[in-house]
Amino acid sequence: MKAKNIYGETVDEIKSKYADATIDGFAPTLAIVFSSITQDRKPLANFFDEQKIDVFGSTTAGEILDDEVMENNTVIMLLDIKKAHYKIFCEASDDTYKVASDMAKFAKATFNDPSIVVVSSGLTIDAEQIIKGVQEFDKSIPLFGGLAADDLTMKGSFVFSNNYESATGLIGLILDNEKINVKGLATSGWDNIGIEKTITKSVGNVVYSIDDEPAVDVFVKYFQFTESVDNTAEIIAQNFAQYPLQLTKENGNTVLRAPLMVDIESRALIFAGGIPQGSKVKFSVQPGFDLIEKTTERVRVLKEGIPEADAMIMFSCKARHMALGPMTGDEAGMIRGIWNKPLIGFFTYGEIGTAKGNTCDFHNETCSMVILEEK
Amino acid sequence: MEQLKKLIQALDIDAEIKAQLLEQVKVAQKNIAVVDFKFHRTVIDKAAITNVLNASIEEIEKQKKNIEMAKNEINENMIILDKQKNEIEEKNTELNIVLTNLKETQQQLVQSEKMASLGQLTAGVAHEINNPINFVSANIKPLKDDLNDLVGYINFYRNTIKEKGLEDAFGGKEKLPDEQEIIMLFGEVDDLLRGIGEGAIRTAEIVKGLRNFSRLDQDAIKKASINEGIESTLTLLHSSYKDRIDIVKDLKNIPEVDCFPGQINQVLMNLLSNAIQAIQGVGKIFVSTELVAGDKVCITIRDTGAGIPEEIRTKIFDPFFTTKEVGKGTGLGLSISYGIIQKHNGSIEVLSETGVGSTFIITLPIHQNLT
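Since the structure is predicted, the reported quantities are computational estimates derived from the model, not experimental observations.

Engineer: Describe the overall build of chain B, listing the residues and the values that go with them.
Structural biologist: Secondary structure assignment for chain B yields seven helices and seven strands. When the elements of chain B are put in sequence order from the N terminus, they spell out α-α-α-β-α-β-β-α-β-β-α-α-β-β. Counting all 371 residues of chain B, 19% fall into the buried class. Counting contacts in chain B only where the partners sit at least 6 residues apart, residues at least 24 apart contribute 73% of the total.

And the structure:
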């Protein structure tokens, strides 16, 4: 399998770069497309459809291509993977669990031993239901992915394919493990700090109070360093998302939950994942500036399973982008350097993957890597 | 930086060098951005960490104070609980003592009632036997006198027959009783009468012992002879020790003591019975009395029996403690005896050595005011 990366700010620019990429006879069958919410996705999807190329796409909060971090752009990985070795699954429904379960059924019906790379809307979907839906059907199916983002506008994020786009659905890239070697790892680096606190009132991913104090007031007390948080979601994200809550779930997995939005009226915070009422949580702080080296070393472990990769997909939390700033590209570059093959990724509103010592779970603040190699 | 780039662009130098310079500017630009970013992030993170840690310290201090308060409260409660526990334990001890006393009193009452009934019965039996045995005792001497008279008459008739030669009238000399036979016959009758007399005396002693032992005066304090009590008790127990146990008595001349005689006899009966039972086969029981310190009498009963093992020596006065087989002992004898002696302001102590024997020493005041 060969992979080539292209990018552009307009459809015409992308068409031009596509032409350059295929001039040598390279004939891609699949395009992984990560695009800013500002980009025009429809004509792009149509263009790939005309080329008989399947599209696996998601909107972003920043794009990653090899060692470059971009904004308001579209990044594309073209793969000449055999069509028999993968399938695209698209479905939208209010019942995320059912959609995920359908996706797992489809995967098992298509391949004896499938892996799933999934992208879904980041604002309307409970990602834990995706994992639950897949694992309760067959927990042996490896699952990786990320939640679509919208450049922190918090208005709507989308997943899309050739003739499909949804703000409430998901897209699964089903890979045949017998033909494609797929490995993945989610790694964070955030450290917990301070004493344990109790979520005294929450419903799903909306936390109303922490230790009987309004959730917003608690975060404002500790983490408001810029202007008032009462106005824009972006300010909330910039101020608070880098200080997620760490909790240990009933299944024993330790996960981070970052606040994404605020409900000013109820002084509640809306997190990028569920936090059950009664949970014991701790605040987390951004890792030191050696995070890039640490992450690279953790990902390097995957090289034992895949010594020679063909392509890499990175789902990195938007909060990491904010925590690493101008060094974010260095992280992508160092990880890419492990295999020295094309890398594509985007900044997400949540990641799906397996952290060291855990089972597959929904995370925030992580870098969830997927490494592909056609056998 | 942009101005620097423009300046480099404007320079009239080799294009390769110009490109290298521009690349270096780009790297420098990124490095400046990184340093700037790191500085700002460090400042913010420091503030965030400080806020969280300060709040945590504050919370920990608060929790520490709460824990201290809770600890103090617990300590206070512990003191109250300890006090209440002590009070309960004291009450419990008091109740146990009261319960033990009640049990002992109950047993004593039961025993006293039994003894009273037995005493009445014994006294009745003794009284009824006393009259006929008196008849027997009183009639022995007249019977003896009559028999002597009868012997005189017989001798007279024999001498007359002999002197008058009247043997043929009685069928010949050989038909008449031989003189030696008559002497032997009278000797046998005399022995029989002596035996009857001794039996009557012995019966009278037993009756006296029964009457003495079964004094119907348990509820009234009286002056009583301890020595007499011992004698009576030994008389009553005679059948259980005769032929195998030698009773060695050393009963000094001691004054009568103020007591409930029936109860003291009960104690003597218990101790002497135990001493007899402690001797398997043959042995000795030493019984002595003496005056002590001018105002007390001391009764010592020592046996050469099996002795009491050390591990149970402290329990022998406990109610219901017994080493006897089930059904053969109530375990109340010594307990009741202990209670009776205490009630008489006396003391009872035991010395024992396994395989050698046991000694019970009772000390009783001669005078006392008992109710």
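Right, picking up where we left off after that structure.
Engineer: Give a detailed account of the overall build of chain A, specifying residues and quantitative values.
Structural biologist: In terms of helices and strands, chain A carries nine helices and 26 strands. Within chain A, the proportion of its 375 residues that are buried is 53%. Counting contacts in chain A only where the partners sit at least 6 residues apart, residues at least 24 apart contribute 79% of the total.

Engineer: Please provide a residue-by-residue account of the sheet that holds strand β12 (residues 169-176) of chain A, values included.
Structural biologist: All names here are of chain A. Taken together, the six strands give an open sheet; going across it, the order is β7-β12-β8-β9-β24-β25, and neighbouring strands pair in mixed fashion. Where the open sheet ends on each side, the last strands, each with one partner, are β7 (86-92) and β25 (360-363). Geometrically, the sheet is characterised by an average inter-axis angle of 20° between neighbouring strands, direction not taken into account. Note: strand β8 (residues 114-120) against β12, seven bridges, orientation antiparallel. Bridge pairing links Ser120 to Leu170 in β12. The strands touched by helix α4 (residues 127-137) are β8, β9 (143-147), β12, β24 (351-354) and β25; relative to β25, the strand with the most contacts, the crossing angle is about 170°.

Engineer: Would you mind going over the packing of helix α1 (residues 11-22) of chain A against helix α2 (residues 41-50) of chain A in detail, with residue names and values included?
Structural biologist: Residues and elements named next belong to chain A. Interaxial distance between α1 and α2 falls to 10 Å at its minimum, and their mutual angle equals 25°. The angle between α1 and α2 places the two elements in the roughly parallel class. Both α1 and α2 take part in a crossing whose hand is right-handed. Where α1 abuts α2, its residues Val11, Ile14 and Lys15 lie against Pro43, Leu44 and Phe47. For the contact of α1 with α2, the residue count by class is five nonpolar, no polar and one charged.

Engineer: Describe in detail the sheet that holds strand β13 (residues 180-187) of chain A, supporting the description with residues and values.
Structural biologist: Residue and element names in this part refer to chain A. In spatial order, the strands read β5-β4-β23-β22-β26-β13; together these six strands make up an open sheet with mixed pairing. The open sheet terminates on both sides in strands that have one partner only, identified here as β5 (68-70) and β13. Within this sheet the neighbouring strands show an average axis-to-axis angle of 15°, counted without direction. In this sheet, strand β23 (residues 343-348) lies alongside strand β22 (residues 311-317) in parallel orientation, the contact comprising six bridges. The partner of Phe315 across the bridge, within β23, is Phe346. Lying over the sheet, helix α7 (residues 291-300) contacts β13 and β26 (367-374), oriented at roughly 145° with respect to β13.

Engineer: I'd love a proper account of helix α5 (residues 261-278) of chain B, names of residues and values included.
Structural biologist: Given a rise of 1.5 Å per residue, 18 residues ought to cover 26 Å, and the 25 Å separating the end C-alpha atoms of α5 of chain B matches this to within 8%. The element α5 of chain B is extensively covered by neighbouring structure, given that 14 of its 18 residues are classed as buried.

Engineer: Run through the pairing of strand β20 (residues 268-271) of chain A, naming residues and quoting values.
Structural biologist: Taken residue by residue, a regular strand's side chains alternate between the two faces of the sheet. Residues and elements named next belong to chain A. Relative to β20, strand β15 (residues 206-210) is paired through two bridges, and the arrangement is antiparallel. By the bridge assignment, Val206 is partnered in β20 with Ile270. In terms of strand pairing, strand β19 (residues 259-263) meets β20 through four bridges, oriented antiparallel. Considered in β20, the bridge of Met261 is made with Ile270. In textbook terms, the turn of a hairpin is the stretch between consecutive antiparallel strands, and for β19 and β20 this stretch comprises four residues, one of which, Arg267, has a positive phi near 55°.

Engineer: Describe in detail the nonpolar core, supporting the description with residues and values.
Structural biologist: Residues and elements named next belong to chain A. Counting residues in hydrophobic clusters, the biggest one holds 125 residues, and the most contacted among them are Ile76 and Met314. The element that contributes the greatest number of residues to this core is β22, accounting for six residues. For Met314, the residues in contact, after removing those within four places along its chain, are Ile64, Ala332, Ile335, Leu343, Gly345, Cys367 and Met369.

Engineer: Talk me through the environment of His321 of chain A; I want residue IDs and the actual numbers.
Structural biologist: All names here are of chain A. For His321, the position within the fold is in helix α8 (residues 318-324). Residue class for His321 comes out buried when judged on the 20 C-beta atoms lying within 10 Å of it. It is 9.3 Å that separates the C-alpha atoms of His321 and Ala61, two residues lying 260 residues apart in sequence. His321 has contacts with Gly62, Ser316, Thr328 and Phe347, leaving out every residue within four places of it along the chain.

Engineer: Describe the interface of chain B and chain A, with residues and values.
Structural biologist: Taken together, the 18 residues of chain B in the interface contact 14 residues of chain A. Looking at side-chain class alone, the side of chain B that touches chain A contains eleven nonpolar, two polar and five charged residues.

Engineer: Which residues make up helix α5 (residues 215-223) of chain A, and what values go with them?
Structural biologist: Owing to its 3.6 residues per turn, the α-helix brings residues three or four apart onto one side. Residue and element names in this part refer to chain A. Within the span of α5, buried status applies to Ala215, Val216, Phe219, Tyr222 and Phe223. Each buried residue of α5 sits inside an arc of 140° when the element is viewed along its axis, so together they form one side. Turned more than 90 degrees away from the buried face of α5 sit Asp217 and Lys221, all of them exposed.

Engineer: For the packing of α5 of chain B against helix α7 (residues 333-343) of chain B, give the residues involved together with the corresponding values.
Structural biologist: Residues and elements named next belong to chain B. α7 packs onto α5 with a crossing angle of 140° between their chain directions and a minimal axis gap of 9 Å. Relative to α7, the crossing made by α5 is left-handed. Residue-level inspection shows Gln263, Gln266, Val267, Asn270, Leu271 and Asn274 of α5 in contact with α7, the latter providing Gly333, Leu334, Ser337, Ile340 and Ile341.

Engineer: If you had to explain the pairing of β15 of chain A to someone new, which residues and values would you point to?
Structural biologist: All names here are of chain A. Bridge analysis of strand β14 (residues 191-203) against β15 gives four bridges, and the strand direction is antiparallel. In the strand pairing of β15, Val203 is matched with Val206. Turn length for the β15-strand β16 (residues 213-214) hairpin, with the two strands adjacent in sequence and antiparallel, is two residues, and the turn residue Asp211 shows positive phi of about 50°.

Engineer: Lay out the environment of Ala272 of chain A in plain terms, naming residues and giving numbers.
Structural biologist: All names here are of chain A. Mapped onto the elements of the fold, Ala272 is located in the loop between β20 and β21 (280-285). Residue Ala272 is classed as buried on the basis of its C-beta count, with 30 C-beta atoms lying within 10 Å. The spatial distance from the C-alpha of Ala272 to the C-alpha of Val206 is 9.2 Å, given a sequence separation of 66 residues. Filtering out sequence-adjacent residues up to four positions away, Ala272 remains in contact with Arg257, Ala258, Leu260, Tyr349, Gly350 and Asn364.

Engineer: Describe in detail unusual backbone geometry, supporting the description with residues and values.
Structural biologist: Comment: phi is negative for the bulk of residues other than glycine, and the bulk of peptide bonds are trans. Residue and element names in this part refer to chain A. For Asp151, which is not a glycine, the phi torsion comes out positive at approximately 55°. Here Asp151 is to be found in the loop between β9 and β10 (159-161). For Asp151, a count of 19 C-beta atoms within 10 Å corresponds to the partly exposed category. Phi angles above zero are rare outside glycine, and Leu152 is one such case at about 65°.

Engineer: Tell me what's going on with the confidence of the model for chain B, and back it up with residues and numbers.
Structural biologist: Residues and elements named next belong to chain B. For chain B, mean pLDDT is 85; residues scoring 70 or higher make up 90% of the total. Averaged over each element, pLDDT in chain B is lowest for helix α3 (residues 179-213) (80) and highest for strand β5 (residues 296-303) (96). The complex model carries a pTM of 0.62, and its ipTM stands at 0.79.

Engineer: Just give me the short version of the environment of Phe144 of chain A, but keep the residues and values in it.
Structural biologist: If you trace the backbone, Phe144 of chain A turns up in strand β9. With 29 residues separating them in the primary sequence, Phe144 of chain A and Leu173 of chain A have C-alpha atoms 9.8 Å apart.

About the criteria used
- Residues numbered from 1 in each chain as written.
- Chains lettered and ligands numbered in written order.
- Predicted model: local features only at pLDDT ≥ 70, side-chain atom pairs only at ≥ 80, totals over all residues.
- Helix = DSSP H or I, 4+ residues; strand = E, 2+ residues; numbered from the N terminus.
- Buried ≥ 20, exposed ≤ 12 C-beta atoms within 10 Å, placed from the backbone.
- Contact = placed C-beta atoms within 7 Å.
- Pairing = 2+ DSSP bridges.
- Axes fitted to C-alpha atoms, helices over the stretch in contact; angles between N-to-C directions.
- Parallel < 35°, antiparallel > 145°, perpendicular 65-115°, else oblique.
- Left-handed = near helix turned anticlockwise from the far one by under 90°.
- Nonpolar A, V, L, I, M, F, W, Y, C, P; charged D, E, K, R; others polar.
- Expected span 1.5 Å × (residues − 1).
- Core = buried A, V, L, I, M, F, W, Y, C linked by C-beta atoms within 7 Å.
- Arc of directions from axis to C-beta.
- pLDDT = per-residue confidence, 0-100.

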